[in-house]
Amino acid sequence: MFELGDLGHAGAGVICGYISGLIPGVGNFVMLLLVYPFLLDSTLLQLLLFYMALTSTSQFSGSVVATVFGVPGEASSLPAVKEGKKLFTRGLGNIAISNAAMGSVVGAFIALSAVIITLPTAVEMITKFYNNDIQSVILLFASLSIIILLGHSILQNIILFTFGFLISCIGVMRVPRELFAGDYIPYDMFPELYSGLPLFPVMVSLYVLPTLLQVKSQFSDYKSEQRYVDNTPVAIHIKEYCKNFTSSIRGSFIGSFIGLVPHVGTSVSTNLSYAYEKYIGKRKKTYRKDGDLKSLVSAETSNNATIMTQLMPLLLLGIPITSSETLLLAIIDINAYIINYTTTIETNLFLHLSLWFVIVNILGLILCWPAVKYINVLRKINMNYMLIATGVLMCGLVVYTGSLEMDAWYYTTVMIVLAPIGYLLRNAEPLVLIVAFILQDKIIEAFIAFYQINFL
Amino acid sequence: MNLLKKTGAIAVAFSLLSFSAQAKQLDILAPSGNTGNGWKQAVMWHKALVEQGYDSKLHWTKNCHKNNKWIKNNPGRQAMYMLPANSWKSNRAKQNCTPQPHISYDNLVSVLYLRSMALCVSKSINFTNVNDFMKSKKRIKIGVSDYPSGMFNDLSKQFNVPFQEVTFGGSSKTLKGLIAGDVDIIFTGYTAREINTPGVQCFATSKGVNGTKAFAELFPNWKLKNLANFSIMVGANIKSKENLADAKAALHKMLKEDSDLVNYYSKSFIITGADLEATGAALGDFWKTVDTWISLDN
């Protein structure tokens, strides 16, 4: 039932998630990219396990950094920055962190229960109605949602999406060359281009580089003289959480529902739960301006509930609805696995995954809560150096991954050629480009079939 | 002195033993995607070679260019790879790439297999015969993957109904398209998957295997009535005739004896290796099949 390799992947996911949450700006996407070369032999279950452990655990540790340092690792950490930091200043940082952690576990379990209850109906619906037309509509909806919801400008996003889409057409022979000036692509000089641009160097130049440049600016507020201390007995932590249990339940339901909306994920669910709880608090006159624990618990509970439900479109249909899921899907493709309900539900893989989900969340709670005291170590590290080290490590991994594919120079060349474009993207939302790059083949396939079925 | 002699003798004996026990080396190259039947077979061949005691590695070379590059960059490693006739055609047409070195009897390990193509429909339509089926439609939506357009013009003429090809990215997606109701019928390779998928009925195949009608019987004027998936196994960096013969023997042995491979091919009614050679199939037949595929584009 529990194999050593699976345990290893779950454990590695927990550790990577812990680190990814602790280092502001790194996030799950970058962490997944960092470990990508080590996942090339992993099975479908192991990939999903690693990913689930990574995303779940990063929510635990992410809120810790946001609470103690006031730096949002990701958009989903904003409520923790707003309320957690105030509570920390009031000397209640330990209670804020423990309540957020306990809420996260409760949220995860409620979402899992909701998924298990609705699963048979969902699978039946998909088996009967999931044809190419519906798939095309979902892909269109997913593409439009990232263009509309992410970044600063829809026009900018359209340009980025188009660019990402077109560069992923290189080497795709069923796309007419005229469509993307393919006659100017030097296929004869560089026959490697027939294989298309490799994912990893594209990610590093067009996502990691601009993201690291963006994150660099966040560290202007990265100062905290106050040390994290926790001498409060566990029973008090639990008692405090019980007082906020209803907020936690509300957060769970909001998070579970929002998880199904493409490309909004934890950032929207957390902020929506936070806003709703704050509204209730203000109406009941219980909201505390100097740090409101109920709002924080609701927001942090919502995080982990979303993690479970947002995995479902990927598990059932093979359609990713977050950026890190898009990358996970690319790795699944590379590892020669197909993901949809026939490989996840009908093979009982989902059952294994659910059991691991429970274990991973409990592990996350057990590991992250006591390990919070080590947060003070981060104070001694210059975060700019950390970002530079991440960048250098990524470049090294591009060469390493390229050498595994017998194409080290090609991978390196692609990375270098695209790096200036990545630099220009430092004020834009690079995710839009990357999602288009990864989804291109699915979009083309679905829409060509859609056209042939309905219009010819 | 005695001790020294004994030690020396033992050392010589060990070195001789290790020399004689040194495994023969033969890698498998997979110049294809890694989700389909090509990859699946490559994995099984590799496993079978290891079980036969070969020092064997499986290399995913993805496409024709990278496969050629691997062969050029690894002159010291013997390998073999599968080449289906339609892949030869599409590699040249789409990637301007042909296998290097060129295929000849100097590097042909063996003819590998002949697999029927199939026409399948959904069981839910209660298919009885092809004429009624064609008459019941104003337009036939036929699911295919990566084949030239115009393949069904002869069928369109025979039944006086237009055929609309719907292109899916791979045979598994084509099958799913049929189940989901995207298309009325599919033209695909006849494998265990097509045979065993619930709700799918394959009524005709190239060779009329497994109780199906032969294409030639149902569609006598169809240009593709005899077309089947013909694949050969090509050797790479195998420099001596003895080693080529060894590779062929290893391949034929696994095709006959390896339970996974026997299971895989027999379930799909695929004729393989020595059995295929016994029918007289040779490299010339491979080129004839390639020519048929090329003629579809003209």
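On a predicted model such as this, the values are computed, not experimentally measured, just so you know.

Calculation criteria
Residues numbered from 1 in each chain as written. Chains lettered and ligands numbered in written order. Predicted model: local features only at pLDDT ≥ 70, side-chain atom pairs only at ≥ 80, totals over all residues. Helix = DSSP H or I, 4+ residues; strand = E, 2+ residues; numbered from the N terminus. Rg over C-alpha atoms; globule rule 2.2 N^0.38 Å. Contact = placed C-beta atoms within 7 Å. Buried ≥ 20, exposed ≤ 12 C-beta atoms within 10 Å, placed from the backbone. Nonpolar A, V, L, I, M, F, W, Y, C, P; charged D, E, K, R; others polar. Pairing = 2+ DSSP bridges. Axes fitted to C-alpha atoms, helices over the stretch in contact; angles between N-to-C directions. pLDDT = per-residue confidence, 0-100. Domains from an automatic or database assignment. Right-handed = clockwise from strand over helix to strand, strands pointing away. Parallel < 35°, antiparallel > 145°, perpendicular 65-115°, else oblique. Left-handed = near helix turned anticlockwise from the far one by under 90°. Core = buried A, V, L, I, M, F, W, Y, C linked by C-beta atoms within 7 Å.

## Considerations on the overall build of chain A
Looking only at helices and strands, chain A features 20 helices and 0 strands. Here the C-alpha radius of gyration of chain A, 22 Å, is about what a compact globule of 456 residues would show, namely 23 Å. Overall, chain A is about 70 × 50 × 45 Å in size when its C-alpha atoms are taken along their principal axes. Across chain A, contacts joining residues at least 24 apart in sequence account for 81% of those joining residues at least 6 apart.

## Observations concerning the overall build of chain B
Counting secondary structure elements, chain B contains 13 helices and 12 strands. Taking all 298 residues of chain B together, 41% fall into the buried category.

## Focus: the interface of chain B and chain A
When the parts come together, some accessible area is lost, and that loss is often what is quoted as the size of the interface. If you look at the interface, chain B gives 24 residues, while chain A gives 17 residues. Mapped onto the side of chain B that touches chain A, the elements with two or more residues apiece are α3 (64-73), α4 (85-95), β7 (163-167) and α7 (171-179) of chain B. Taken together, the residues that form the side of chain B that touches chain A break down as 5 nonpolar, 12 polar and 7 charged.

## Here we look at the sheet that holds strand β9 (residues 200-205) of chain B
With respect to topology, 6 strands assemble into an open sheet ordered β7-β6-β8-β5-β9-β10 (chain B), the strand pairing being mixed. Unpaired on one side and paired on the other, β7 and β10 (213-214) of chain B mark the two borders of the sheet. Pairing geometry for strand β5 (residues 117-122) of chain B and strand β8 (residues 185-189) of chain B, over 5 bridges, is antiparallel. Along β8 of chain B, the bridge assignment pairs Met117 of chain B with Gly189 of chain B. The sheet contacts of helix α20 (residues 430-455) of chain A involve β6 (140-144) and β7 of chain B, and relative to β7 of chain B the element is tilted by about 165 degrees. Running at roughly 155 degrees to β8 of chain B, α7 of chain B makes contact with β5, β6, β7, β8 and β9 of chain B of the sheet.

## Concerning the confidence of the model for chain B
All names here are of chain B. Of all residues in chain B, 91% have pLDDT values of 70 or greater, and the mean over the chain is 86. Low confidence marks residues 14-21, where pLDDT is under 50. Its contacts with residues over four positions away, or in another chain, come to 0 contacts. For this predicted complex, the interface score ipTM comes out at 0.73, alongside a pTM of 0.72.

## Some words on α7 of chain B
Residues and elements named next belong to chain B. With respect to burial, α7 is a largely interior element, 7 of its 9 residues being buried. Three or more residues of α7 are buried, namely Ser171, Thr174, Leu175, Lys176, Gly177, Leu178 and Ile179. Looking one or two residues beyond α7, the residue adopting positive phi is Gly181, at roughly 90 degrees.

## Some points on the environment of Pro313 of chain A
Residue and element names in this part refer to chain A. Here Pro313 shows up in helix α13 (residues 312-317). For Pro313 and Glu300, which are 13 residues apart along the polypeptide, the C-alpha to C-alpha distance reads 22 Å. Not counting residues up to four positions away in its chain, the partners in contact with Pro313 are Ile319 and Ile321.

## Here we look at the domain arrangement of chain B
All names here are of chain B. Here chain B is partitioned into domain 1 (25-115 + 228-297) and domain 2 (117-218). When each unit is reduced to the centre of its C-alpha atoms, the spacing between domain 1 and domain 2 is 28 Å. Counting from both sides, the interface comprises 13 residues of domain 1 and, opposite them, 16 residues of domain 2.

## Quick word on the pairing of β7 of chain B
Residues and elements named next belong to chain B. Across 5 bridges, β6 lies against β7 in parallel orientation. From the neighbouring strand, Val144 faces β7, where its bridge partner is Thr167. In the classification by handedness, the crossover that spans β6, the intervening helix α6 (residues 153-159) and the parallel β7 is right-handed.

## A closer look at unusual backbone geometry
With the exception of glycine, the majority of residues adopt a negative phi angle, and the majority of peptide bonds are in the trans configuration. Residues and elements named next belong to chain B. The step from Gln100 to Pro101 runs through a cis peptide bond, and the omega angle for that step is -5 degrees. Backbone geometry at Lys62 places phi at a positive 70 degrees, although glycine is not the residue there. Relative to the helices and strands, Lys62 is located in the loop between β2 (58-59) and α3. One non-glycine residue with positive phi stands out, namely Asn210, at about 55 degrees. Summarising the element assignment, Asn210 is placed in the loop between β9 and β10. Judged by local crowding, Asn210 falls into the partly exposed class, with 14 C-beta atoms found within 10 Å.

## What about the packing of helix α2 (residues 27-35) of chain A against helix α14 (residues 323-334) of chain A?
All names here are of chain A. The interhelical angle for the contact between α2 and α14, taken along N-to-C directions, is 20 degrees, at an axis separation of 8 Å. Taken as axis vectors, α2 and α14 run roughly parallel relative to one another. Crossing angle aside, the handedness with which α2 passes α14 is left-handed. Along the contact surface, α2 presents Asn28, Phe29, Leu32 and Leu33, while α14 presents Ser323, Ser324, Leu327 and Leu328. Taken together, the residues of the contact of α2 with α14 break down into 5 nonpolar, 3 polar and no charged.

## Points about the confidence of the model for chain A
The predicted model of chain A averages 82 in pLDDT, with 90% of residues at 70 or higher. Per-element averaging of pLDDT across chain A places helix α17 (residues 375-378) of chain A at the bottom with 70 and helix α19 (residues 408-424) of chain A at the top with 94.

## Quick notes on the sheet that holds β2 of chain B
All names here are of chain B. The 6 strands lie next to each other as β2-β1-β3-β11-β4-β12, forming an open sheet whose pairing is mixed. The outermost strands of the open sheet, each flanked by one partner alone, are β2 and β12 (271-272). Relative to strand β3 (residues 79-84), strand β1 (residues 27-29) is paired through 3 bridges, and the arrangement is parallel. If you follow Leu29 over to β3, its bridge partner there is Tyr81. Its contacts with the sheet put helix α2 (residues 37-51) on β1, β2 and β3, and the angle it makes with β1 is roughly 180 degrees. With respect to the sheet, α4 is in contact with β3 and β11 (229-236), its orientation differing from that of β3 by roughly 85 degrees.

## Some details on the nonpolar core
By size, the foremost hydrophobic cluster in this structure holds 116 residues, and its most contacted members are Leu49, Met52, Met203, Val208, Met308, Val432 and Ile434 of chain A. In terms of residue count, the dominant contributor to this core is helix α3 (residues 44-69) of chain A (15 residues). When sequence neighbours within four positions are dropped, the list of residues in contact with Met203 of chain A reads Leu33, Val208 and Ile434 of chain A. By size, the runner-up hydrophobic cluster in this structure holds 76 residues, among which are Tyr81, Leu114, Phe133 and Trp293 of chain B.

## So, the packing of helix α10 (residues 245-258) of chain A against helix α12 (residues 293-309) of chain A
All names here are of chain A. Here α10 crosses α12 at 35 degrees, and the two axes come no closer than 7 Å. The interaxial crossing formed by α10 with α12 has right-handed handedness. Here Ser247, Ser248, Arg250, Gly251, Ser252, Ile254, Gly255, Ser256 and Ile258 of α10 lie close against α12, whose contacting residues are Lys294, Val297, Ser298, Ala299, Thr301, Ser302, Asn303, Ala305, Thr306 and Thr309. Here the contact of α10 with α12 is composed, by residue class, of 5 nonpolar, 12 polar and 2 charged.

## Section: the environment of Leu367 of chain A
All names here are of chain A. Secondary-structure assignment places Leu367 in helix α16 (residues 349-371). Look at Leu367 and you get partly exposed, because 17 C-beta atoms sit within 10 Å. Once the C-alpha coordinates of Leu367 and Tyr18 are considered, the two residues, 349 residues apart in sequence, prove to be 8.8 Å apart.

## As for the pairing of β11 of chain B
Residue and element names in this part refer to chain B. Where burial is concerned, most of β11 is hidden: 8 out of the 8 residues are buried. Side chains Asn229, Ser231, Met233 and Gly235 of β11 all project onto a buried face; the interleaved residues Phe230, Ile232, Val234 and Ala236 project onto the opposite face, where all are buried too. In terms of strand pairing, strand β4 (residues 108-115) meets β11 through 6 bridges, oriented antiparallel. In the strand pairing of β11, Tyr113 is matched with Ser231.

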